[in-house]
Amino acid sequence: MEVYIEEDYNALSQRAVDIIAAFLKEKPEAVLGLATGSTPLKIYEMLSEKCNKKEISFKKVKTFNLDEYCGLTSADKQSYHYFMKQNLFLKTDIDEKNTFFPTDFKLLHNFYDAKIKASGGIDLQVLGIGRDGHIGFNEPGSKFSSRTRKVSLAKPTIEDNARFFKSMKDVPRKAVTMGIATIMETKKIILIASGEKKSEAIFNALSGPVTTKVPASILQRHKNVIVILDKESAKKLKNNPGL
Ligand code: PGA
């Protein structure tokens, strides 16, 4: 694992953008795995700016999002599809026909993994982490062999996601997520985390045992992971000489 500890959220976003932009210049037809949530927001803003300045292009890029709530359409403001449109797709030259979400395939979620495979596999996956150590919506206890499927959200995740809804009861309880095995098949991963509330999860994921109790800990077994943190999320790693 290559670990970068940046001064703050802006610097961590910039680091990620530099890597993604260089990647797209080298492989304009890259297949990207994308995450939603607060952490990648600045990354998408900076990538959109770069695209507008014609420094990079998404014209030939394909994207596969990590997860999506069940029961929300792309027109629903709380859906991840809507989030991606507002924060990246509509601000770049991407062809929306090349953007995919795990709920696109109704109950046949295996189709999502098959579609990823048929596209040549995900070259670069942007990944966040939940404070319970989840990746995508693979909550603690998820099997490392899991593939894209329908899941129930854990309580801390419902609580964290409530900030985007009118009230807790409006937060969907079900989602479809890429599985852990699906994520582990991606060729390169950028794991991003910001803020002190992620510090425990980051510590457990990077320094703890590989266990299904901390789904992100499996990333220790992936050959090509870049971890980009700000000082706050890296707080608990500070005295770890192994990193
Ligand atoms: P966040 O979500 O970026 O909104 O903190 C990350 C996640 O839960 O995976």
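Data block above holds the structure.
Residues numbered from 1 in each chain as written. Predicted model: local features only at pLDDT ≥ 70, side-chain atom pairs only at ≥ 80, totals over all residues. Heavy atoms only, no water.

Looking at the overall build of the protein chain
Where we set the bar: A run of H or I in DSSP becomes a helix once it reaches four residues, and a run of E becomes a strand once it reaches two; helices and strands are each numbered from the N terminus. Atoms counted for the radius of gyration: C-alpha only. Globule rule: 2.2 Å times the number of residues to the power 0.38. In this analysis, two residues are considered to be in contact whenever any of their non-hydrogen atoms come within 4.5 Å of each other. Shrake-Rupley sampling with a 1.4 Å probe provides the accessible areas, and residues are treated as covered by the protein chains on show and by no other component.
Along the protein chain, the regular secondary structure elements total seven helices and 10 strands. Against the compact-globule benchmark of 18 Å for 243 residues, the protein chain has a radius of gyration of 17 Å, which places it among compact chains. Principal axes of the C-alpha set define a box for the protein chain whose edges measure 45 × 40 × 35 Å. Sequence separation of at least 24 residues holds for 78% of the intrachain contacts in the protein chain that already meet a minimum separation of 6. As presented, the protein chain carries roughly 11,300 Å² of accessible surface, and 52% of it is formed by carbon and sulfur atoms.

Focus: the nonpolar core
A general tendency of soluble globular proteins is for nonpolar side chains to be buried together. As a reminder, the rule being used: Here, nonpolar core refers to any group of buried Ala, Val, Leu, Ile, Met, Phe, Trp, Tyr and Cys residues whose side-chain atoms link them within 4.5 Å. Working definition: with a 1.4 Å probe on protein chains only, accessible area under 20% of the residue-type maximum means buried, over 50% means exposed, and in between means partly exposed.
Grouped together as the largest cluster of nonpolar side chains are 61 residues, with contacts concentrated most on Leu47 and Phe58. With eight residues, helix α1 (residues 9-26) is the single largest residue contributor to this core. For Leu47, the contacting residues outside a window of four places in its chain are Val17, Ile20, Ile56, Phe58 and Leu88. If you look at the next biggest cluster of nonpolar residues, it comprises 11 residues, including Tyr80, Phe137, Val151 and Ile158.

Section: the site of the ligand
Going by this rule: Any residue with at least one heavy atom within 4 Å of a molecule or strand is counted as near it. In protein, a polar contact means a hydrogen-donor-capable atom and an acceptor-capable atom, both N or O and within 3.5 Å, with residues adjacent in sequence counting only if both atoms are side-chain atoms; elsewhere, any N or O pair within 3.5 Å suffices. All residues other than Ala, Val, Leu, Ile, Met, Phe, Trp, Tyr, Cys, Pro, Asp, Glu, Lys and Arg, Gly among them, are scored as polar; the first ten of these are nonpolar and the last four charged.
The environment of the ligand is made up of Gly37, Ser38, Thr39, Gly128, Ile129, Gly130, His134, Arg163 and Lys198. Thr39 is positioned such that a nitrogen or oxygen atom in its side chain is 2.5 Å from an oxygen atom of the ligand. Here the residues of the shell around the ligand are counted per class, giving one nonpolar, six polar and two charged.

Quick word on helix α7 (residues 199-207)
Going by this rule: This arc is taken over the directions from the axis of the helix to the C-beta atoms.
By the burial criterion, the buried members of α7 are Ser199, Ala201, Ile202, Ala205 and Leu206. Looking straight down α7, one finds that the buried residues subtend no more than 160 degrees of arc, so they occupy a single side. Those residues of α7 that are buried lie in contact with β1 (2-6), β9 (189-193) and β10 (225-230).

Focus: the sheet that holds strand β2 (residues 31-34)
Condition: Strands are treated as partners if at least two bridges between them are detected by DSSP. Each axis is a line fitted through C-alpha atoms, taken for helices only over the stretch in contact, and angles between the N-to-C directions span 0 to 180 degrees.
What the seven strands build is an open sheet, ordered β1-β10-β9-β6-β2-β3-β5; its pairing is parallel. Strands at the two margins of the open sheet, each flanked by one partner only, are β1 and β5 (99-100). Note: β2 against strand β6 (residues 124-127), two bridges, orientation parallel. Counterpart to Leu32 in the pairing with β6 is Leu124. Contacting β3 (62-65) and β5, helix α4 (residues 110-118) runs over the sheet at an angle of about 155 degrees to β3.

Some words on the packing of α1 against helix α2 (residues 41-52)
Which entries qualify depends on this criterion: Reported orientations rely on four angle classes, namely roughly parallel under 35 degrees, roughly antiparallel over 145, roughly perpendicular from 65 to 115, and oblique for the rest. Note on convention: near helix rotated counterclockwise from far helix by under a right angle means a left-handed crossing. Clockwise means right-handed.
At a minimum axis distance of 9 Å, the contact between α1 and α2 shows a crossing angle of 50 degrees. When the axis of α1 is compared with that of α2, the two are oblique. Read as a crossing pair, α1 and α2 show a hand that is right-handed. Only Leu41, Lys42, Ile43, Met46, Leu47 and Lys50 of α2 make contact with α1, whose side of the interface consists of Tyr9, Asn10, Ser13, Gln14, Ala16, Val17, Ile20 and Ala21. Across the contact of α1 with α2, the residue classes tally to nine nonpolar, three polar and two charged.

A closer look at the sheet that holds strand β4 (residues 67-69)
With antiparallel pairing, the three strands of this open sheet are ordered in space as β4-β8-β7. Each having just a single partner strand, β4 and β7 (149-152) make up the two edges of the open sheet. Each neighbouring strand pair of the sheet contributes to a mean axis angle of 30 degrees, computed without reference to strand direction. Two strands pair when backbone bridges link them, and β7 and strand β8 (residues 174-177) are joined in this way by four bridges, in the antiparallel orientation. Residue pairing across strands places Ser152 opposite Lys174, the latter belonging to β8.

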